Amino acid sequence: MASEDLPSEFDVVILGTGLAESVVAAACARVGQRVLHLDRKSYYAGSWASFTFNGLLSWIQEHTAGSQPETEELHDWSNLLEDGEEMICLSNTNSAPFSNVQVYCYTSEKDEEEEDEARSPEALNTTEEEGGRGGGDEDGVTEPAESHTAELKEEEEEEGGERRQEGAADAQEEEREEEQEEEQVEAFPSRPQVSWGDRGPHQLQKTCGLNILHCPITQAIQTEGEGPEPESGQPRPSAAPSQSEPVKKKISYAQLLKEGRRFNIDLVSKLMYSRGSLVDLLIKSNVSRYAEFKNVTRILTYRHGNVEQVPCSRADVFASRQLSVVEKRKLMRFLTSCLEETQEEQAFAGRPYLEFLRDQQLGDNLQHFLLHSIAMATEDTPTEEGLASTRHFLRCLGRYGNTPFLFPLYGLGEIPQCFCRMCAVFGGIYCLRHSVHSLLVHKDTNRCKAVIDSRGQRISCSHVVVEDGYVEAARKPTATPTRFLSRAVLITDGSVLSSESDQQVSLVTVPPSEAGGPSVRLVELCPSTMTCMPGTYLVHLTCQSVSSAYQDLSPVVTRMFRTPESHDQEGRPSVLWCLYFNMADGSAVEVEGHDLPSNVYVCSGPDGGLGHQHAIGQAEAIFHKILPEDEFCPPAPNPEDIIYDGETCTSPLGEEGEERGEEEGEGEGEGAGEEEGEGEGGEKEEKEQEEEEEEEEERDGEVQEKQSLKSEE
Amino acid sequence: MSMEDYDYLFKIVLIGNAGVGKTCLVRRFTQGLFPPGQGATIGVDFMIKTVEIKGEKVKLQIWDTAGQERFRSITQSYYRSANALILTYDITCEDSFRCLPEWLREIEQYANNQVVTILVGNKIDLAEKREVLRQRAEDFAEAQSMLYLETSAKESDNVEKLFLDLACELIREAKQNTLDNNDTAPMPGEGKTISYLSCCSLN
């Protein structure tokens, strides 16, 4: 099926499906460029990908020592060269930006059968699952992964064969799920019909809440728990186990594998600032319709050995039990005043933000919150920078909820794919498991005229965008990135701060434990983000590398969670499984100065920042280099507003909204925008812009209600 | 775009090999058109059609692959939050039938558990070129607990039925989910189109 040949002429060829590349692809296709978008991997999003648990195990295998690099047959395609051209080979090995991959499994390998059957609350309180396999093994424990991926394949095959014939097994599973859901339904007794969750919000919201479909991003979904399964959709009266001590389930490694597809584990851990560049772009381009989002519900911080909630909205501040009345007043005053520039702050220009905060005499509590959690700064961060991030934080607050952040359902790996979809809708051609062997460069002009793909096809093009990993080291301005990120991914059995709801999404800031150490950012995701199985939490830790990921992050893990290495950590969530790895920090990768033709543009991989500014900024810059005259990601017409009307085609508002007729065949897309949709087939009338605006206002209206803190004072 | 103009909204997603007639099915249903020799659909993300099932207005949002199936590169996010999947093959093309297990694996992997899946054998107007016997497809569909229907986008055979039956099934499931009174749930065949293009009568 995939043996079909690619068209042989494009405007832009893009290698790699990470966020920046995908945004460029969408932007180019949107304004009528013919885009070919390739990725040598079998999955989308490259270093930005998210994986099911089983998928992640394969990824781990691929990235641990001893794995064979993808070998590509060596070909000599020099016969495809034309006069005056030379060939620049691209890197065919995967110069992986990942290193120091280490895996630990702290849960038992298999379920104890009886328990699995009974699964009564009594049985569930046992907590002796740790000490299992792999603990304490220092050097890249690939063993568990290997042995289990093997198992896993068998399972997959079986399942593939008898899909949907597993009636009995399913029934059992559902019973189990029902039990889990009981708790959750319990927590929201007044909302029995909330059927968010598995089916997602698109499901049958009978005439209410439908807005989500048109502009999901405008209503960050307040998901409340996994949706009840059909059979258990009704709240049942039951003696609820008190919510403060949720029933602990003993989840085995076998269960993680079995429920593996419920995990969507991101390689990159970021959040979306609700007024940040990514959210703005998603809304502006209408790409937001391909994804759904959930609010980050809490900002937490780790302090004096405890996890505390950072009050950031007005409601939070007033409800806070940690803060005294005086502190509350001081905090409100500070946050309100810092929205405007004051002379005071100018006096602190160039001096650390910490000094500025001290000068405000806020006290230790507030100073900690403001420095580490709100500004997310270090002790050396200059005042201007600290204030800028504080302001950004405050600006984002209240647009969609009580924190400034959103998280996409199913993980961040969805976002690049959403842009790819937009590109495809506008004629972009997609091919995974496919790469480019070399660039053909015209010697006189130093421009890339064509590429030769991995099958030896010559494809001419006017521009090439490549992800850094496709460029041979010798052509880079610096051979290796100068900075790395340390990452850890944990699957745990409870939240770092239990609360009334067990469906919290939390950002936890962990200040450096010693001066000069890295501050760690921890994002804890609950099952309703569709990134982990019920009964577990998915925790991402990120910091700038000082040494290996394990050395940088395991002390934090040991302190905040229960592992075999931790002592006296009753009441802390247990780590069931964890992964450490290092990855290149994209903000330290040079994208200029490569020894490459002038029409070849390089995208760095993901950076370490919390937001997406780096990648979006890079994509926009590349787009403007390719098409200086065109608009970056204008809104795609809303399908709701395309009126098909047999014969005629009028477009009252069509001056800007472009009409794209029904183009024929492949590789179309030339001259988009100008063509009136008079081709055969359906004509359409679009009236996009206007409604857009209206929606925007509605959104804002909504937002005001939720608005908290800031500017109202 | 008022919120009041329908009772239910469902997302239906089409999958299947390139060239089996997915886009034609959608166009036939939503626009009543059959554009011969039409290629990829550019700039149109999904199509909308509102139908009426037992007095309730059901808005169907029908998503096409945007050509990403050509090189087996459909994004996972395409499957997310679909209420129903229409898995299409071409009855005159054995290969498109043989690829079905591959598609099922993708569904298994990325679609949600309760998604309603219907197998559609398209192009029955080309009966003389048939390569996949009806019985074979029916058996396959049954083994996979899928509904099965044969259609012709060209002759408009069973196209309305396909979407209306799907809408009925989705409402039925929805009502079960919310544990509404079950006997109000519609049975297949009780739907009708209400859009101005409903030139074709219900099969």
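Residues numbered from 1 in each chain as written. Chains lettered and ligands numbered in written order. Predicted model: local features only at pLDDT ≥ 70, side-chain atom pairs only at ≥ 80, totals over all residues. Heavy atoms only, no water.

Enquirer: Lay out the overall build of chain B with the relevant residues and their values.
Expert: A tally of helices and strands in chain B yields five helices and seven strands. Along chain B, from the amino end to the carboxyl end, the secondary structure elements read β-α-β-β-β-α-α-β-α-β-α-β. Counting every position in chain B, which comprises 203 residues, the buried fraction comes to 63%. Within chain B, contacts between residues separated by at least 24 positions form 73% of all contacts whose residues are at least 6 apart in sequence. Summed over its atoms, the accessible surface of chain B is roughly 7,200 Å², and 48% of this surface lies on carbon and sulfur atoms. (Helix = DSSP H or I, 4+ residues; strand = E, 2+ residues; numbered from the N terminus. Buried < 20%, exposed > 50% of the residue type's maximum accessible area, 1.4 Å probe, protein only. Contact = heavy atoms within 4.5 Å. Areas by Shrake-Rupley, 256 points an atom, 1.4 Å probe, with all protein chains shown as cover.)

Enquirer: For the packing of aromatic side chains, give the residues involved together with the corresponding values.
Expert: A complete count under the given rule lists 27 aromatic pairs over all chains for this structure. Here a set of aromatic residues connected by ring pairs shows up, and it is made of Tyr 43, Phe 51, Trp 59, Phe 98 and Phe 581 of chain A. A cation over an aromatic ring shows up here: Arg 40 of chain A above the ring of Tyr 470 of chain A, its NZ or CZ 3.9 Å from the ring centre. Of note, Arg 72 of chain B hangs over the ring of Trp 103 of chain B, and the distance from its end group to the ring centre comes to 4.5 Å. (Phe/Tyr/Trp six-rings, centres within 6.5 Å; stacked < 30°, edge-to-face > 60°. Lys NZ or Arg CZ within 6 Å of the ring centre and 35° of its normal.)

Enquirer: Please provide a residue-by-residue account of the environment of Arg 34 of chain A, values included.
Expert: Residue and element names in this part refer to chain A. Structurally, the position occupied by Arg 34 is in the loop between helix H1 (19-30) and strand S2 (35-39). The class for Arg 34 is buried, based on a relative accessible area of 11%. Remark: the alpha-carbon pair of Arg 34 and Val 12, spanning 22 residues in sequence, is separated by 6.3 Å.

Enquirer: Describe in detail the state of the cysteines, supporting the description with residues and values.
Expert: One pass over the structure, following the stated rule, counts zero disulfides over all chains. Free of any disulfide, Cys 543 of chain A has its nearest neighbouring cysteine sulfur in Cys 578 of chain A, separated by 15 Å. A relative accessible area of 3% places Cys 543 of chain A in the buried class. The thiol sulfur of Cys 93 of chain B is not disulfide-bonded, and the nearest other cysteine sulfur, from Cys 99 of chain B, lies at 8.1 Å. (Disulfide = S-S within 2.5 Å.)

Enquirer: Outline the environment of Gly 386 of chain A, listing residues and values.
Expert: Residues and elements named next belong to chain A. The residue Gly 386 is located in helix H15 (residues 383-396) in this model. Its relative accessible area of 0% is what places Gly 386 among the buried residues. It is 17 Å that separates the C-alpha atoms of Gly 386 and Pro 518, two residues lying 132 residues apart in sequence. Once residues lying within four places of it in the same chain are set aside, the contact partners of Gly 386 are Tyr 353, Ala 375 and Thr 381.

Enquirer: Hey, could you go over the confidence of the model for chain B for me, with residue numbers and the actual values?
Expert: All names here are of chain B. When the pLDDT values of chain B are averaged, the result is 86; 83% of them are 70 or greater. Counted against residues more than four places away or in other chains, residues 195-203, with its pLDDT under 50, gives 18 contacts. In the model output, the complex is listed with pTM 0.78 alongside ipTM 0.88. (pLDDT = per-residue confidence, 0-100.)

Enquirer: Tell me what's going on with the nonpolar core, and back it up with residues and numbers.
Expert: Formed by 184 residues in total, the largest nonpolar core has its most connected members in Phe 53, Trp 59, Phe 419, Trp 577 and Leu 579 of chain A together with Leu 60 of chain B. Excluding residues within four positions of it along the chain, Phe 419 of chain A makes contact with Leu 19, Ser 22, Val 23, Ala 26, Leu 278, Leu 281, Leu 282, Ser 285 and Val 287 of chain A. (Core = buried A, V, L, I, M, F, W, Y, C linked by side-chain atoms within 4.5 Å.)

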